[in-house]
Each structure stands twice: as C-alpha cells, then as structure tokens.
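Listed below, chain by chain, are the residues.
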Amino acid sequence: MTKTIYISGATGYLGKLISNRLAALGNDIIVGGRNPNKLSEQVQLLSKTFTQSKIKAIHCQLESPSDWERVAGEVANYGIDAYINCSAIQGKINNVLKLNWEDIDSVMRINLYSSIFFTNFFTNNINTKKQLKVIHFSGGGGTTPRRNFMPYSLSKTALIRFVENFDLENENSKVTINIVSPGILPSHMQHEILNSELSSDDQEIVSARKILDAEINEKPKVLDLIEFLLSEKSDGISGKSISANWDNWEEWPLHLRELQQYDLYTLRRITAKNHNIDWGQV
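Quick summary incoming for the structure in this document. Predicted, not measured: the structure shown is a model, and the values here were computed from it.

Looking now at the side chain of N111. Within the fold, N111 resides in helix α4 (residues 101–124). At a separation of 2.9 Å, a polar atom in the side chain of N111 contacts the main-chain amide nitrogen of I89. A polar contact is formed between the side chain of N111 and the side chain of S155, at a distance of 3.1 Å. Not counting residues up to four positions away in its chain, the partners in contact with N111 are S87, A88, I89, Y152, S155, K156 and L159.

This brings us to the packing of helix α3 (residues 68–75) against α4. Contact pair α3 / α4: the axes reach a minimum separation of 11 Å and the direction vectors enclose 40°. Taken together, the axes of α3 and α4 lie oblique to each other. For the pair α3 and α4, the crossing hand works out as right-handed. Contacts between α3 and α4 involve W68, E69, V71, A72 and V75 on the former and, on the latter, R109, Y113, S114, F117, F118, F121 and F122. Here the residues of the contact of α3 with α4 are counted per class, giving 9 nonpolar, 1 polar and 2 charged.

We note that N148 has phi near 75°; this positive angle belongs to a residue other than glycine. Relative to the helices and strands, N148 resides in the loop between β5 (132–137) and α5 (150–169). Owing to a relative accessible area of 17%, N148 belongs among the buried residues under this scheme. One non-glycine residue with positive phi stands out, namely N276, at about 55°. Relative to the elements of secondary structure, N276 occurs in the segment after α9 (256–261). The exposure class assigned to N276 is exposed, which follows from its relative accessible area of 73%.

With that out of the way, let us pick up helix α7 (residues 203–213). Since one α-helical turn is 3.6 residues long, residues separated by three or four positions face the same way. Regarding α7, the residues found buried are E204, I205, A208 and I211. Burial along α7 is one-sided: seen end-on, the buried residues are contained in an arc of 135°. Of the residues in α7, the exposed ones pointing more than 90 degrees away from the buried face are Q203, K210 and D213. Contacts from the buried residues of α7 go to α6 (188–194).

Reading the values: the criteria
Residues numbered from 1 in each chain as written. Predicted model: local features only at pLDDT ≥ 70, side-chain atom pairs only at ≥ 80, totals over all residues. Heavy atoms only, no water. Helix = DSSP H or I, 4+ residues; strand = E, 2+ residues; numbered from the N terminus. Polar contact = N/O pair within 3.5 Å; in protein donor to acceptor, adjacent residues only side chain to side chain. Contact = heavy atoms within 4.5 Å. Axes fitted to C-alpha atoms, helices over the stretch in contact; angles between N-to-C directions. Parallel < 35°, antiparallel > 145°, perpendicular 65-115°, else oblique. Left-handed = near helix turned anticlockwise from the far one by under 90°. Nonpolar A, V, L, I, M, F, W, Y, C, P; charged D, E, K, R; others polar. Buried < 20%, exposed > 50% of the residue type's maximum accessible area, 1.4 Å probe, protein only. Arc of directions from axis to C-beta.

Right under this line is the structure:
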C-alpha cells in the first residue's frame with residue numbers, strides 16, 4: 001500500500017538512497033534538508049524518474065529549534081505514514097578536552113533534540129485510523145565508546161535510549177519506532193574524517209579511506225531493512241536497535257514473543273554475570 005513518507009536529511013548519501021528506493025516502490029515522498037538547491041535538484045530528479053510518486057520538499061534548519069514548528073506545520077499537511085530520520089552531523093572530531101560547548105550543543109540539537117521533537121509531533125498528530133512508522137539511525141559510537149567522536153557518540157547513545165523509552169511509554173499506541181545501524185557508508189562523514197586532524201595511521205582514517213576507495217556494486221542492505229520496517233511484516237517489532245548488516249532481522253517476525261518478552265537488541269549494562277564471572281556482584 002502506498003505510504004506518505006517524510007525523510008529528514010534526504011539530501012545526504014543515505015537519505016538519497018532511501019528516497020530513491022521508496023519512490024521506486026510507488027510511495028509519496030517529502031524530502032527535508034538544509035540546502036534549498038540540493039532539495040530542488042532532488043525533487044526534480046525523483047519526479048522525473050518516478051512519475052507515479054508525488055515528491056515534495058521542505059527546507060529545514062534543524063540546528064535552529066525556532067524553525068522546527070514551521071517545518072512541523074508544513075509536514076502536517078501531508079498526512080504522514082512514516083518518519084525516517086537521516087539527519088545527523090558528526091561535529092568536531094577531536095579530544096573532548098579540546099571541544100567547546102557550541103561544538104557539543106550543535107550536534108545534540110540536530111542529532112537528538114530535533115529527533116525527539118519530530119517523533120513527538122508526528123505521534124501527537126497522526127490520524128486515528130493510521131499507524132505511524134518511525135525510523136531513526138544510530139552510528140559508530142552509539143553502543144560503544146568512540147575516541148575523538150564524543151558529541152556524535154553521545155547524541156546517538158541518547159537517541160537509542162530515547163527510542164527505547166518512547167516505545168515503553170507508548171507500547172499500546174499505533175506507533176512503531178526503531179533505530180537502525182546502517183553500517184559504514186561512503187558518505188560525507190567519511191570525507192570529514194579524512195580531512196580531520198587525526199593522524200594518518202589512525203584507525204578512523206584507515207577505515208574512511210578504505211570505504212571511500214571501495215567499489216560498491218550492490219545497494220547496501222540497510223535499504224532492504226528500511227523496506228521491511230515500513231511493511232506489515234515488522235508489526236510488533238518496536239523499541240529495538242537493529243544492525244542492517246549483522247542482525248538476522250528477516251526472521252524476527254517468527255520470534256515476536258521473545259523479542260517483546262526479553263531485552264534483546266537494546267542498550268544495557270554489561271555485568272560480571274553476563275560473562276559468567278562470580279566476583280563482581282552480590
């Protein structure tokens with residue numbers, strides 16, 4: 001069934017891939033982004049390529065909370081079935097002691113605070129006859145520490161916990177919410193890493209160079225996961241942190257009871273008992 005989908009951060013690498021995949025399936029797409037020229041180009045290309053889909057654009061500056069209400073008001077006119085949040089910045093790549101408050105705050109506004117605002121907005125404004133699918137994205141540092149990426153890591157860890165809390169507090173609603181780890185992609189973020197002050201032999205530099213030099217002949221698996229999460233197949237799967245590449249999410253619908261009963265695929269504290277060590281706890 002055709003859906004109306006709002007994709008925030010649609011002009012980025014991942015946002016473009018998702019917009020193309022979902023428009024190709026006949027969905028109506030509203031693309032959001034900070035660059036008006038890129039948005040205009042994307043609307044023209046999508047409209048020309050996928051004539052069966054309605055394509056609209058909304059310009060938004062997520063670093064400015066004062067702009068959120070305006071954007072929300074515009075998006076509300078379209079009757080959104082799904083909110084896919086690809087918006088994120090890495091911020092300054094450096095040791096935490098060398099960061100100032102603005103370096104941290106700007107990342108949190110875009111990566112975390114705006115994500116919370118729009119998730120709550122769409123939830124409070126969905127048609128009573130509809131269901132809402134919400135998909136956020138995690139990234140490197142979301143579930144493990146990541147040296148020199150503290151603002152980005154902090155924002156993504158907090159976003160994972162928001163997804164879990166939101167699902168817990170709204171478990172009987174018509175909203176399904178999950179957060180996806182897409183894997184390393186040859187995005188603008190990799191170029192930022194290469195241009196950072198990290199040493200040339202730093203693992204982040206090595207990894208960025210490798211992914212940008214690689215020839216990608218296949219579409220990343222994250223696109224199949226997005227399609228899955230938007231479909232009825234994923235109904236009942238919510239509040240989870242899902243790896244596109246490493247989780248066997250295709251078979252999760254066969255294990256809904258276990259997924260809902262246990263804290264599988266969530267952010268938790270690792271204790272001695274998790275490793276069969278008997279000295280760490282009473």
